[in-house]
Amino acid sequence: MADAPDLSIELQPVDGAPRALSQLLTTFPLAAVVVDPYTHESSWILDTACRILNVFCEADVRVAFLVAGADVEGAARFIGPLAEQILTLADPHRSIARSMGLEHLPAFIAIRQDGSVIGTAEGWDPESWRTTAADLADMTAWSRPEIPVIGDPAP
């Protein structure tokens, strides 16, 4: 299990002012897919991540792409048109990944409003992503996304 993140870390939405992680957790838990724009694995997982995050869009969960190592322009370019559908946050200093002790990206993270970690899945490991999604779904009394599905990348 990853460490609880530092709630004072500022993240920059591609279409807004910087906000501390604590501000993003005020009302709902956060489910985010942390991607590295400099790896093929992160680009291969975008459609799968979007599908998973869309399951939680109508639940009491804030969903986001968190682009580690990129400024706002780089994050918007990497996520592309998906940034219009799902909140996209730039983390140019990789502060969240470092704070949580994440070693392999992409990662799927779920964080409660108090900053404690619901679950994390590092790298594209469908079983661990399924477990994190199930833990989040159980906490929110929401449906679970199917992971993996035909068309998802191979682990």
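Since this is a predicted model, take the numbers as computed values, not measurements. (Residues numbered from 1 in each chain as written. Predicted model: local features only at pLDDT ≥ 70, side-chain atom pairs only at ≥ 80, totals over all residues. Heavy atoms only, no water.)

Reading across from one edge, β2-β1-β5-β4-β3-β6-β7 is the order of the seven strands in this open sheet, with mixed pairing throughout. Two strands close off the open sheet at either side, each with one partner strand: β2 (19-20) and β7 (117-122). In this structure, strand β3 (residues 30-35) lies alongside strand β4 (residues 62-68), joined through six bridges in parallel fashion. Bridged to L30 within β4 is R62. Packed onto the sheet, helix α3 (residues 46-56) meets β3, β4 and β6 (107-111) and runs at close to 155° relative to β4. Helix-sheet contacts for helix α4 (residues 72-79) involve β1 (10-13), β3, β4 and β5 (87-91), and the interaxial angle to β5 is about 135°. (Pairing = 2+ DSSP bridges. Helix = DSSP H or I, 4+ residues; strand = E, 2+ residues; numbered from the N terminus. Contact = heavy atoms within 4.5 Å. Axes fitted to C-alpha atoms, helices over the stretch in contact; angles between N-to-C directions.)

It is worth spelling out α3 at this point. Of the positions making up α3, those classed as buried are L46, T48, A49, C50, I52, L53 and F56. Each element contacted by the buried residues of α3 is listed here: β3, α2 (40-44), β4, α4, β6 and α6 (126-140). (Buried < 20%, exposed > 50% of the residue type's maximum accessible area, 1.4 Å probe, protein only.)

Attention now goes to the pairing of β7. In terms of residue burial, β7 counts as a mostly covered element, since five of its six residues are buried. Where β6 meets β7, five bridges bridge the pair, whose relative direction is antiparallel. Bridge pairing links I109 to T120 in β7. As consecutive antiparallel partners, β6 and β7 are separated by five residues, and within that stretch G115 has a phi angle of approximately 95°, a positive value.

Take the pairing of β5 next. Burial of β5 is extensive: four of the five residues sit out of reach of the surface. Pairing of β1 with β5, which is carried by two bridges, proceeds in the antiparallel orientation. Residue pairing across strands places P13 opposite L89, the latter belonging to β5. Bridge analysis of β4 against β5 gives five bridges, and the strand direction is parallel. Bridging across to β5, A68 finds its partner in D91.

Another point: the nonpolar core. Side chains that are nonpolar tend, in soluble globular proteins, to be buried together. Membership of the largest hydrophobic core comes to 33 residues, with the highest contact counts inside it found for V33, V35, L53, F65, I79, F108 and W129. Elements represented by at least two residues in this core include exactly β3, α3, β4, α4, β6, β7 and α6. Considering each element in turn, this core owes the most residues, six residues, to α3. Listed in part, the 22 residues of the second largest apolar core include I9, A97, L105 and V117. (Core = buried A, V, L, I, M, F, W, Y, C linked by side-chain atoms within 4.5 Å.)

Before going further, it helps to spend a moment on α4. In an α-helix, one full turn covers 3.6 residues, which means residues spaced three or four apart are oriented alike. Taken as a whole, α4 has its buried residues at G74, A75, F78 and I79. Looking straight down α4, one finds that the buried residues subtend no more than 120° of arc, so they occupy a single side. Facing away from the buried surface of α4 by more than 90 degrees, the exposed residues are E73 and R77. Trailing α4 by a residue or two, G80 shows a phi angle of about 65°, which is positive. (Arc of directions from axis to C-beta.)

Quick look at the pattern of salt bridges now. One pass over the structure, following the stated rule, counts three salt bridges. R51 is the salt-bridge partner of D152, the closest N and O atoms lying 2.7 Å from each other. Within this pair, whereas D152 is found in the segment after α6, its partner R51 is found in helix α3, the two being separated by 101 residues in sequence. R144 is paired through a salt bridge with D138; the nearest N and O atoms lie 2.8 Å apart. (Salt bridge = Lys/Arg side-chain N within 4 Å of Asp/Glu carboxyl O.)

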